[in-house]
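# Report on the structure
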Amino acid sequence: MEDSSKDLSVLTDLKKEGVLASQPPPNSNGTTQRTPKELVARAIAPIKPEFLRPPPPSRTTQNDAASDANANAKQPQANLVKEKKSKRQIKRERRQEQKSASNLCPEIAKTGDVNACSYKDKCRFSHDIEAFLAQKPADLEGDCPFIKADAPCPYGLACRFVGTHKDGASAATSNLLKKCSEVNGLSKDVQKLLWKNKMRFTKADGVLKSLGLMGPNWKKKQLVDKEEDEVGLSGSHAADELECKKVADDSMDCSECPSKLSAAVNAEDACATDEFRPSKKAKCVADEKCSDEVEGDATVLEKDSEKDFAEMTDDVVAEPDRSLKIHPREKMLIDFREKLYLAPLTTVGNLPFRRVCKTLGADVTCGEMAMCTNLLQGQASEWALLRRHSSEDLFGVQICGAYPDTIARTVELIEKECTVDFIDINMGCPIDIVVDKGAGSSLLTRPARMKGIIQAASSTADRPITVKVRTGYFEGKNRIDSLIADIGSWGATAVTIHGRSRQQRYSKLADWDYVYQCARKAPSALQVLGNGDVFSYLDWNKHISDCLELSSCMIARGALIKPWLFTEIKEQRHWDISSQERLNIFKDYVRFGLEHWGSDKKGVETTRHFLLEWLSYTCRYIPVGLLDVIPQRLNWRPPSYYGRDDLETLMASDSAADWIQISEMLLGKVPDGFTFAPKHKSNAYDRAENG
């Protein structure tokens, strides 16, 4: 948010303090000279010799010494028992903190009037304007991000740019403008229903019953699925035949074979509990009337849901032959061919980052991975991952779950409450906490569960369902090629294949030959996208030309390190971007972040946190003009080097202290005692724990 002159003055001060060295001394790297070819063979970036510098002191020794010192300091306190606070005490402390002068009531902050709050003395926040202004940090330089909207900032006195505010418009207008630019929020009424577990998922439950994934046959089907998974893990590709045979013999799940659906199944469904509703229309109507009379305190939303359920029962259960079921090809389809697809990225792939990528040429964007159980519980932090900006013209959300019922209900809920173009199901996440719950890449070992999830989601959704997978769970035991045809028949319209196994995580290079093999085996109706190590327009061109069956490539870490990769692909060039141009991209991100998270103290620090997370990736970028061999590869380890100016040198640092200095150029000084450790160890290349 500051001018270029301000940025240069900050760098000059850093230079005087000895933080930066202005010019690279000749032949000062102190290492044995190797040819660029030898360096590339060792996965070391071949930087021109005149830009190399001696490596900084090893931080490993310093960190070990610091950890030992901390351990010795904490040892005398080891015998002390930490007092566990009760929930009541924690709640009381939270309320006291809210009552402190640093937390001014939002209504009073907007208007500047102490009488504006309708809660008066019962308000949870402070009403002391003078005390708030006395402790408030100094305003940041630059303009308020909301000033261009020709409306007052919705944060009023709490804004860190309050000196640039204009008068004459109401705060409600500013809030309306913000709501118009972002959609997919969770209403309070729906959130309360989710909290109380009173939300009715009529369509999803009907689909689950018709697929045999709910009701009296569910336990029997689980046994069949377990046997099928064991067959799949042993290498057999006859899983579907085994399931259909067992289903036919036991008369359990005839929905897998629609032509053999019998009236006996409908009779069993009619004997189900009231929660699942009987299949006869007249009986359903009678039950609803009785339910309305007995439950007189039911909310209007619940009654409407029950009426919708009666209509849905007619559509789902009263059609024994399912001949009117919508075929996946009749749904709204999305053509991913040669579109630049920004992958869903945890933590860093937030709405401001996606806006930056849209300005740089991305065609398709997708929200961060959201856990289905958290969405169904109405967690506001999880629903924030589904937010969509108006600039995202082709947008999807990614969900992750372990069971067909949670996936189906989440899909129905998202379609009701959100505006999305497609829904992606994550079946490749390698994170332990996700895999241990049976979700993510754990599903690659359970093809029957995969089948149930995809069928339930595609039958529930009116929008396209896509799937993201890895090559397999264990390294050297790829299995997606044996499932690719089934994934299309189960109802998915597109599948993205990350060319690594779960065990590999992000180590070694992606296996694109296997991705091509899967794309050639896929049915024509299923679009296949590749993912892994796309870091230049040459990589993009190679993958698209080597396999004509490949629809497109998903770009993930390459966009984190250099988001202008989308521009390079569209313009078919290597962009030797300057440090000032990179800083301008960071300024856009900060502006977008303040609009999204807020321009008050909390919003500024939230923006700073996610900016630092992003800087932990961007430091891996090596400018084109410094390389002996172009383009840069994603697995290259950069040696210590000088940039062409002080700002470029600062941006190349892998030190969190230098990232904080960049954030201070954009968001002012950090609070006292501020520390930062990146959530993702992006600068850890191919470590043993990744395998």
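Residues numbered from 1 in each chain as written. Predicted model: local features only at pLDDT ≥ 70, side-chain atom pairs only at ≥ 80, totals over all residues. Heavy atoms only, no water.

## Regarding a positive patch on the surface
A cluster of like positive charges, contributed by K91, R94, R95, R124, K188, K192, K196 and K198, occupies part of the molecular surface. Residue assignment for the positive patch shows that the elements contributing at least two residues are α4 (87-98) and α8 (188-195). Here the element with the most residues in the positive patch is α4; it accounts for three residues. With respect to the helices and strands, K91 occurs in helix α4. (Patch = residues over 30% accessible without salt bridge, like charges linked within 9 Å, V, L, I, M, F, W, Y side chains within 5 Å. Areas by Shrake-Rupley, 256 points an atom, 1.4 Å probe, with all protein chains shown as cover. Salt bridge = Lys/Arg side-chain N within 4 Å of Asp/Glu carboxyl O. Lys, Arg positive; Asp, Glu negative; His and termini not counted. Charge placed at Lys NZ, Arg CZ, Asp CG, Glu CD. Helix = DSSP H or I, 4+ residues; strand = E, 2+ residues; numbered from the N terminus.)

## Remarks on the packing of aromatic side chains
For the coordinates displayed, the defined rule picks out twelve aromatic pairs. Geometrically, the ring pair formed by F336 and F422 is edge-to-face, given 5.7 Å between the ring centres and 85° between the ring planes. Here F336, found in the loop between α14 (300-316) and β2 (341-342), pairs with F422, found in strand β6 (residues 422-427); they are 86 residues apart in sequence, far enough to count as distant. Exposure class is identical for F336 and F422. Each is buried. Between the aromatic rings of Y589 and W614, the centroid separation amounts to 5.1 Å while the plane-to-plane angle is 50°, which identifies the pairing as tilted. With a gap of 25 residues between them, Y589 in helix α26 (residues 579-597) and W614 in helix α27 (residues 601-618) connect regions that are remote in the sequence. Ring pairing ties together the aromatic residues F353, F586, Y589 and W614, which thus form one cluster. Over the face of the ring belonging to Y642 we find R53, whose NZ or CZ atom lies 5.3 Å from the ring centre. (Phe/Tyr/Trp six-rings, centres within 6.5 Å; stacked < 30°, edge-to-face > 60°. Buried < 20%, exposed > 50% of the residue type's maximum accessible area, 1.4 Å probe, protein only. Lys NZ or Arg CZ within 6 Å of the ring centre and 35° of its normal.)

## Focus: the environment of L413
Following the sequence through the fold, L413 ends up in helix α18 (residues 404-417). Separated by 212 residues in sequence, L413 and F201 have C-alpha atoms that sit 7.7 Å apart. Discounting residues that sit within four places of it in the chain, L413 has contacts with V190, L194, M199, F201, L375, L376 and W383. (Contact = heavy atoms within 4.5 Å.)

## Re the sheet that holds strand β5 (residues 395-400)
If you trace the eight strands from one edge of the open sheet to the other, you get β2-β10-β9-β8-β7-β6-β5-β3, paired in parallel fashion. Among the strands making up the open sheet, the edge pair consists of β2 and β3 (365-371). This element, α18, spans β5 and β6 of the sheet and lies at about 150° to β5. Seen against the sheet, helix α22 (residues 512-521) touches β8 (494-498), β9 (527-531) and β10 (552-555) and runs at an angle of roughly 175° to β9. (Pairing = 2+ DSSP bridges. Axes fitted to C-alpha atoms, helices over the stretch in contact; angles between N-to-C directions.)

## Looking at the packing of α26 against helix α29 (residues 656-667)
As a packed pair, α26 and α29 sit with axes 10 Å apart at the nearest point and diverge in direction by 65°. By crossing handedness, the relation of α26 to α29 is classed as right-handed. Contacts between α26 and α29 pair L583, F586, K587, V590 and L594 from the former with M665, L666 and L667 from the latter. (Left-handed = near helix turned anticlockwise from the far one by under 90°.)

## Considering the pattern of salt bridges
Taken as a whole, this structure holds 29 salt bridges when the rule is applied. With a shortest N-O distance of 2.9 Å, D363 and K570 are connected by a salt bridge. Pair noted here: D363 is in the loop between α15 (351-359) and β3 and K570 is in helix α25 (residues 565-571), with a separation of 207 residues, a long-range link. The partly exposed category is assigned to D363, whose relative accessible area is 22%. Take K570: its relative accessible area is 49%, and that puts it in the partly exposed class.

## A few points about α26
Given a rise of 1.5 Å per residue, 19 residues ought to cover 27 Å, and the 26 Å separating the end C-alpha atoms of α26 matches this to within 8%. The first or second residue beyond α26 is G598, which carries a positive phi of 115°. (Expected span 1.5 Å × (residues − 1).)

## What to know about unusual backbone geometry
Here the bond from I630 into P631 is cis, since omega is 5°, no more than 30 degrees from zero. You can see P631 is positioned in the loop between α27 and α28 (646-651). For N184, which is not glycine, the phi torsion reads 75° and is therefore positive. One can find N184 in the loop between β1 (182-183) and α8. On the accessibility criterion, N184 (5% relative accessible area) is buried.

## Section: the environment of Y514
As for its placement among the helices and strands, Y514 is situated in helix α22. When the C-alpha positions of Y514 and R500 are compared, they lie 9.5 Å apart, and in sequence the two are 14 residues distant. Discounting chain neighbours no more than four positions away, the residues touching Y514 are T471, N478, R479, I480 and D481. Of the polar contacts made by the side chain of Y514, one reaches the backbone nitrogen of I480; its length is 3.0 Å. Side chain to side chain, Y514 and D481 meet in a polar contact 2.7 Å long. (Polar contact = N/O pair within 3.5 Å; in protein donor to acceptor, adjacent residues only side chain to side chain.)

## Brief notes about the environment of K48
Within the fold, K48 resides in the loop between α2 (36-41) and α3 (59-74). Since its relative accessible area comes to 26%, K48 is described here as partly exposed. The spatial distance from the C-alpha of K48 to the C-alpha of L627 is 5.7 Å, given a sequence separation of 579 residues. When residues no more than four places from it in sequence are discounted, the contact partners of K48 are G625, L626, L627 and D628.

## Quick notes on the side chain of K136
Mapped onto the elements of the fold, K136 is located in the loop between α6 (129-135) and α7 (171-181). At a separation of 2.7 Å, a polar atom in the side chain of K136 contacts the main-chain carbonyl oxygen of L157. Here the side chain of K136 touches C159 through a polar contact of 2.6 Å, landing on its backbone oxygen. Beyond its immediate chain neighbours, meaning those up to four positions away, K136 contacts L157, A158, C159 and V162.

## Concerning the confidence of the model for the protein
For the protein, per-residue confidence averages 79 on the pLDDT scale, and residues scoring 70 or more make up 70% of the total. Within the model, the stretch residues 60-71 combines pLDDT values under 50 with one contact to residues more than four positions away or in other chains. (pLDDT = per-residue confidence, 0-100.)

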